Amino acid sequence: GSLKGKTMQQQGDVVELKSIGIPMSIMEQYQKVTLAADIMTVNKIQFMMSISWHIKFGTGESLSNVKVPTLSGCMKCIHQLYMQRGFRVTEVLMDGQFEPLHGDLAELGIYLNVVSANEHVPEIEHFIRTVKECARAIYNVLPFQPILALMIIEMVSSCLLWLNNFPPGGGGGVSKELSPRAIVVGATLDYHKHCHLEFGEYIQTHEEHDNSMHSRTTSAIALRPTGNVQGGYYIMSLMNG
């Protein structure tokens, strides 16, 4: 009640945008990027997943369908993501269902290597299994039934965000200090800003208000950090019940 009746909008902190530099040794040795990619399905929702061989940066985008234009659009977005930091995707390893992407990828200067029939690309298979295990751990402690498609999508995104934010263990990766996200995106997460809320936590979020008796906050479910410098979160409003 106090939150709904007394909450005042707070002025956001002034943020300073700083991009994390890439050591020259990494750029010299790993500027050309090889990706492994495949489709992952979670509760009938399909995702285009990819991971780079050496940098170990993983991506995932929910798919409305698995038609060639949709898959090609996903690959173009991934290509641009690496290019903005000076990397160049030169090769992608996929299974046979992606054969029709040859032409679109060639236009981007990317060679598509398709594995033989009944074979899979082990790097992406292992990555998909890791993401699914992470998502399953969250899924099975949520007190909601049913769990909406939006929550599944953001759950996978949350797993990717945190997996990318730490240097890979077991001797993998290209740096013991820089995370894959720091290398490819140029940013990292801050404990004091991005660890306030757990996925699925019930919260009250500020809404525009006047001096009437209407509530100054709205009930919502916290989903995941946006990853921005300010420490924002994606939420799902419960305004409509």
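Preceding block: the structure.
Analysis parameters
Residues numbered from 1 in each chain as written. Predicted model: local features only at pLDDT ≥ 70, side-chain atom pairs only at ≥ 80, totals over all residues. Heavy atoms only, no water. Axes fitted to C-alpha atoms, helices over the stretch in contact; angles between N-to-C directions. Helix = DSSP H or I, 4+ residues; strand = E, 2+ residues; numbered from the N terminus. Parallel < 35°, antiparallel > 145°, perpendicular 65-115°, else oblique. Left-handed = near helix turned anticlockwise from the far one by under 90°. Contact = heavy atoms within 4.5 Å. Nonpolar A, V, L, I, M, F, W, Y, C, P; charged D, E, K, R; others polar. 1 Å grid on protein atoms, 1.4 Å probe; cavity = no way out; pocket = protein on both sides within 12 Å on 5 of 7 lines; lining within 4 Å. Points joined across faces, edges and corners; volume = space filled by probe spheres on them. Buried < 20%, exposed > 50% of the residue type's maximum accessible area, 1.4 Å probe, protein only. Salt bridge = Lys/Arg side-chain N within 4 Å of Asp/Glu carboxyl O. Expected span 1.5 Å × (residues − 1). Core = buried A, V, L, I, M, F, W, Y, C linked by side-chain atoms within 4.5 Å. Arc of directions from axis to C-beta. Phe/Tyr/Trp six-rings, centres within 6.5 Å; stacked < 30°, edge-to-face > 60°.

J.: Describe the packing of helix α5 (residues 122-139) against helix α6 (residues 149-164), listing the residues and the values that go with them.
T.: The contact between α5 and α6 brings their axes to 9 Å, and the two run at 120°. Here α6 runs oblique to α5, going by the angle between their axes. α6 is crossed by α5, and the crossing has right-handed handedness. Between α5 and α6, the contacting residues are Phe127, Thr130, Val131, Cys134, Ala135, Ile138 and Tyr139 on the first element and Ile152, Met155, Val156, Cys159, Leu160 and Leu163 on the second. Of the residues assigned to the contact of α5 with α6, the class counts are 12 nonpolar, 1 polar and no charged.

J.: Describe empty space enclosed by the protein, listing the residues and the values that go with them.
T.: Tallied over the entire structure, the rule returns 1 cavity of 30 Å³ or more. Lining the largest cavity are Tyr30, Lys32, Val33, Thr34, Ser52, Trp53, His54 and Ile55. Here the element with the most residues in the lining of the largest cavity is strand β1 (residues 32-42); it accounts for 3 residues. Class assignment for the residues of the lining of the largest cavity results in 4 nonpolar, 3 polar and 1 charged.

J.: Lay out the side chain of serine 72 with the relevant residues and their values.
T.: Tracing the backbone through its elements, the reader meets serine 72 in helix α3 (residues 68-83). By relative accessible area, serine 72 is classed as buried at 6%. If we skip the residues at most four places from it in the chain, serine 72 touches Leu101 and Asp104.

J.: Any chance you could break down the pattern of salt bridges for me, citing the residues and the numbers?
T.: Scanning the entire structure with this criterion turns up 1 salt bridge. Glutamate 154 is paired through a salt bridge with arginine 224; the nearest N and O atoms lie 2.5 Å apart. Of the two residues, glutamate 154 sits in helix α6 while arginine 224 sits in strand β7 (residues 217-225), which places them 70 residues apart along the sequence. Summarising the burial analysis for this pair, glutamate 154 and arginine 224 share the class buried.

J.: Could you give me a rundown of α6, with the residues and numbers involved?
T.: Helical geometry note: an α-helix holds 3.6 residues per turn, so side chains three or four residues apart project in the same direction. An ideal rise of 1.5 Å per residue puts 22 Å on 16 residues; α6 measures up with 23 Å between its terminal C-alpha atoms. Looking only at α6, the buried set comprises Met151, Ile152, Glu154, Met155, Val156, Ser157, Ser158, Cys159, Leu160, Leu161 and Asn164.

J.: Can you lay out the nonpolar core for me, pointing to particular residues and giving the numbers?
T.: Of all hydrophobic cores here, the largest spans 31 residues; its most connected members are Met48, Met75, Tyr82, Phe87 and Met94. Looking at this core, the elements that each hand over two or more residues are α2 (24-30), β1, α3, β4 (88-94) and α7 (180-184). A total of 5 residues in this core trace back to one element, the largest contributor, which is α3. Membership of the second largest hydrophobic core comes to 28 residues, among which are Val42, Phe127, Ile152 and Val156.

J.: Please give an account of α3 that cites residues and values.
T.: The end-to-end C-alpha separation of α3 is 22 Å, in line with the 22 Å expected for 16 residues at 1.5 Å each. Inspection of α3 places Leu71, Ser72, Cys74, Met75, Ile78, His79 and Tyr82 among the buried residues, and these make up the whole buried set. Seen from one end, α3 has its buried residues packed into an arc of 155°, which puts them on one side. Looking at the buried side of α3, the elements it contacts are β1, β2 (45-52), β3 (58-63), β4, α4 (102-107) and α7.

J.: Can you lay out the packing of aromatic side chains for me, pointing to particular residues and giving the numbers?
T.: One pass over the full model with this rule turns up 1 aromatic pair. Each ring, one from phenylalanine 57 and one from tyrosine 82, has its centre 6.1 Å from the other, and the planes form 90°; the classification is edge-to-face. With phenylalanine 57 in the loop between β2 and β3 and tyrosine 82 in helix α3, the pair connects residues that are 25 residues apart, well separated along the chain. Its relative accessible area of 0% is what places tyrosine 82 among the buried residues.

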